[in-house]
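Okay, here's what each chain looks like letter by letter:
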Amino acid sequence: MRPRGLDEVVGQRHLLGAGTPIRQLVERDAPMSLVLWGPPGTGKTTLATVVSQVTSRRFVEISAVTDGVKRVRAEIDLARRELGMAGRQTVLFVDEVHRFNKAQQDALLPAVENRWVSFIGATTENPFFSVISPLLSRSLLLTLEPLGEDDLREVIRRALADERGLGGATELEPAAEEHLVRLAGGDARRALTYLEAAAMVAEEGAPVDVAVLERAVDRAAVRYDRDGDQHYDVISAFIKSIRGSDADAALHYLARMIEAGEDPRFIARRLIVHASEDVGMADPTALQTAVAAAQAVEFVGLPEARINLAQAVIHLAVAPKSNAVITAVDEALGDVRKGLVGPVPLHLRDAHNRGSQKLGHGKGYKYAHKFPGGVVEQQYAPDNVHGREYYRPTRHGAEARFTEVLGRIRAVLRGTARPKEN
């Protein structure tokens with residue numbers, strides 16, 4: 001089912017439009033070097049193969065897994081002779097280029113620098129860490145994205161109908177198609193492999209249903225509708241399990257969502273909210289962990305990011321709990337919505353210009369840093385909410401110490417602190 005031309009390539013629309021480097025390479029035989037970076041099954045080898053099929057240039061494929069410097073140098077020498085004697089250019093495709101060590105990658109530099117070949121390197125690893133800088137600086141980096149669900153459906157349906165695939169001999173039930181899309185996880189190669197396995201398992205003439213697909217790939221279908229009740233029920237149970245400090249139950253629901261194809265960014269967002277809503281100042285590092293997990297989701301993606309999400313889930317589940325932060329901000333918002341928004345006290349108002357100073361702005365303001373402990377008796381809130389205590393620390397975890405600290409601060413602010421004994 002490998003595409004025979006660019007118009008058959010599914011996905012990667014940002015790389016295949018008119019005037020893009022891939023189009024230039026194919027349609028104009030323009031000499032250039034490319035590094036294709038993306039997850040497995042997103043079309044790196046496919047794009048290189050399409051180039052080989054539609055170009056008039058000589059195409060050579062090298063695998064960094066099985067080939068070494070000797071093969072690389074031999075192909076470069078042959079490319080130089082072809083270019084010098086017949087004027088024929090060579091496209092040199094190196095699959096898994098990140099598996100070449102520095103010396104092996106160095107061997108490619110003269111050919112790329114002098115344009116003896118048009119180099120295409122494919123890698124699943126971050127090229128800024130896995131490809132040497134001289135080679136990367138001489139190549140155009142193109143990033144491939146995991147295929148979307150609609151793209152995967154198109155790949156699957158083509159394979160069912162096309163003579164190069166199953167040629168209409170097998171039908172796929174809608175529920176099985178959705179399960180297959182989830183199992184593929186943005187990987188077209190995996191989708192085709194699972195489809196082929198299911199077609200072999202299915203009885204002759206019988207359609208492939210969810211049960212057949214489960215049997216073929218040994219992966220149970222998780223009942224989960226991202227737009228229905230399961231979505232809301234599972235995420236609700238997930239958060240309540242973390243709030244209740246049951247790390248095991250929370251990990252179960254995390255696994256359920258990941259296996260069902262839930263957007264990991266959605267999970268990460270919920271963890272960030274939960275870190276402040278239900279843990280808060282009882283463990284201030286919980287928010288840092290949740291944000292770091294969300295960044296990891298964006299940076300590495302699934303399946304590896306499952307580890308980062310799991311770490312955040314465990315941290316939040318076993319952390320001491322406090323809802324004092326959300327209670328505080330909601331009570332403050334409640335007062336504001338009730339109209340308790342009195343004028344800012346004069347001594348706190350901006351006094352940068354003479355006009356403001358004549359109106360008494362800033363008069364009597366006490367600069368806190370000039371007083372012991374950086375706290376001084378002074379009114380900060382408007383009169384109609386003066387003395388309101390929104391934040392009430394619990395005795396849980398790190399927040400316990402804030403109970404005493406905040407008590408001392410409030411006593412100084414209100415002039416009720418006991419004088420220290422000499």
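For the structure, see preceding data.
Residues numbered from 1 in each chain as written. Predicted model: local features only at pLDDT ≥ 70, side-chain atom pairs only at ≥ 80, totals over all residues. Heavy atoms only, no water.

## A short note on the packing of aromatic side chains
This is how the line gets drawn: Pairs were defined over the aromatic rings of Phe, Tyr and Trp, the Trp ring being its six-membered one, requiring ring centres within 6.5 Å. Orientation was assigned from the angle between planes: stacked under 30 degrees, edge-to-face over 60, tilted for the rest. The helix and strand labels rest on DSSP assignments: H or I over at least four residues marks a helix, E over at least two residues marks a strand, and numbering proceeds from the N terminus. We call a charge positioned over a ring when the NZ of a Lys or the CZ of an Arg lies within 6 Å of the ring centre and within 35 degrees of the ring normal.
Enumeration over the complete set of coordinates arrives at one aromatic pair. Measuring from centroid to centroid gives 6.4 Å for Phe59 and Phe93, while their planes differ by 25 degrees, and the two rings are stacked. Here Phe59 is found in strand 2 (residues 58-63), whereas its partner Phe93 is found in strand 3 (residues 90-95), with 34 residues between them in sequence. Geometry around Trp116 places Arg80 over its ring, the cationic atom sitting 4.0 Å from the centre.

## Let's talk about unusual backbone geometry
One non-glycine residue, Arg115, lies in the positive phi region at around 55 degrees. Inspection of the secondary structure assignment puts Arg115 in the loop between helix 6 (109-113) and strand 4 (118-123). With a phi close to 65 degrees, Ser245 is a non-glycine residue in the positive phi region. Inspection of the secondary structure puts Ser245 in the loop between helix 13 (229-243) and helix 14 (247-259).

## What about the environment of Ile314?
Take Ile314: it is sitting in helix 17 (residues 305-318). C-alpha of Ile314 to C-alpha of Lys44: the two residues are 270 residues apart in sequence and 36 Å apart in space.

## Digging into the packing of helix 10 (residues 174-184) against helix 11 (residues 188-201)
As a reminder, the rule being used: Think of each axis as a best-fit line through the C-alpha atoms, taken over the contacting stretch in the case of a helix, with angles from 0 to 180 degrees between the N-to-C directions. We call two directions roughly parallel when the angle between them is under 35 degrees, roughly antiparallel when it is over 145, roughly perpendicular when it lies between 65 and 115, and oblique otherwise. Each crossing is labelled by how the near helix is turned from the far one, with a counterclockwise turn of less than a right angle marking it left-handed and a clockwise turn marking it right-handed. The criterion used for residue contact is that any of the two residues' heavy atoms lie within 4.5 Å. Any residue outside Ala, Val, Leu, Ile, Met, Phe, Trp, Tyr, Cys, Pro, Asp, Glu, Lys and Arg is labelled polar, Gly included; the first ten of those are nonpolar and the last four are charged.
Packing of helix 10 against helix 11 leaves a shortest axis separation of 8 Å and a crossing angle of 135 degrees. When the interaxial angle is binned, helix 10 and helix 11 end up oblique. Both helix 10 and helix 11 take part in a crossing whose hand is right-handed. Here Leu180, Leu183 and Ala184 of helix 10 come into contact with helix 11, specifically with Arg190, Ala191, Tyr194 and Leu195. Across the contact of helix 10 with helix 11, the residue classes tally to six nonpolar, no polar and one charged.

## Thoughts on the sheet that holds strand 5 (residues 140-143)
In plain terms, the rule: By this definition, two strands are paired if DSSP reports at least two bridges between them.
Read across the sheet, five strands follow the order 2-3-4-1-5 without closing on themselves; strand pairing throughout is parallel. Strands at the two margins of the open sheet, each flanked by one partner only, are strand 2 and strand 5. Shown here is a sheet whose adjacent strand axes are inclined to one another by a mean of 20 degrees, direction ignored. Pairing between strand 3 and strand 4: four bridges, direction parallel. Counted as the bridge partner of Phe93 is Ile120 from strand 4. In the packing of helix 3 (residues 44-54) onto the sheet, contacts are made with strand 1 (34-37), strand 2, strand 3 and strand 4, and the angle to strand 3 comes to roughly 160 degrees. Those strands touched by helix 4 (residues 69-85) are strand 2 and strand 3, and its axis lies near 170 degrees from that of strand 2.

## Overview of the pattern of salt bridges
Where we set the bar: Any carboxyl oxygen of Asp or Glu that lies within 4 Å of a side-chain nitrogen of Lys or Arg is treated as forming a salt bridge with it.
For the structure on display, the rule yields 23 salt bridges. A salt bridge links Arg13 to Asp151, with the shortest nitrogen-to-oxygen separation between them at 3.1 Å. Of this pair, Arg13 sits in helix 1 (residues 13-16) while Asp151 sits in helix 9 (residues 149-161), and the two are 138 residues apart along the sequence. Here Glu331 makes a salt bridge to Arg392, at a shortest N to O gap of 2.6 Å. Within this pair, whereas Glu331 is found in helix 18 (residues 324-337), its partner Arg392 is found in the loop between helix 19 (354-358) and helix 20 (400-414), the two being separated by 61 residues in sequence. Within this structure, Arg4, Glu8, Asp162 and Arg164 form a network of salt bridges that share partners.

## Here we look at the pairing of strand 1
Examined bridge by bridge, strand 1 and strand 4 share four bridges and lie parallel to one another. Looking across to strand 4, one finds that Leu36 is bridged to Ala122. Where strand 1 and strand 5 come together, four bridges link them in parallel fashion. The partner of Trp37 across the bridge, within strand 5, is Thr143.

## Some thoughts on helix 11
Heads up, the condition is: Multiplying 1.5 Å by the residue count of a helix minus one yields the expected span of that helix. Each residue is placed in one exposure class: buried if its accessible area under a 1.4 Å probe, protein chains only, is under 20% of its type's maximum, exposed if it is over 50%, and partly exposed if it falls in between. By definition, the arc is the one covered by directions from the helix axis to the C-beta atoms. Distance and chemistry together define a polar contact, namely a pair of N or O atoms within 3.5 Å, with one atom able to donate a hydrogen and the other to accept it when in protein, and with adjacent residues in sequence counting only for side-chain atoms on both sides.
Look at helix 11: 20 Å from first C-alpha to last across 14 residues, which is about the 20 Å you get at 1.5 Å a residue. For helix 11, the full list of buried residues reads Ala188, Ala191, Tyr194, Leu195, Ala198 and Ala199. For helix 11, the buried positions fall inside an angular range of 140 degrees around the axis, keeping them on one side. Here the buried face of helix 11 lies against helix 9, helix 10 and helix 12 (210-217). Residue Asp187 occupies the N-cap position of helix 11, its side-chain oxygen lying 2.9 Å from the main-chain nitrogen of Arg189.

## Some thoughts on the pairing of strand 2
Successive residues of a regular strand alternate their side chains across the two faces of the sheet. Applied cut-off: The path from the first strand over the helix to the second decides the hand: if it runs clockwise while the strands point away from the viewer, the crossover is right-handed.
Alternating residues of strand 2 divide into Arg58, Val60 and Ile62, all buried, and Phe59, Glu61 and Ser63, none buried. Alignment of strand 2 against strand 3, held across six bridges, turns out to be parallel. Within strand 3, the position partnered with Val60 by the bridge is Leu92. With helix 4 bridging strand 2 and the parallel strand 3, this β-α-β connection has right-handed handedness.

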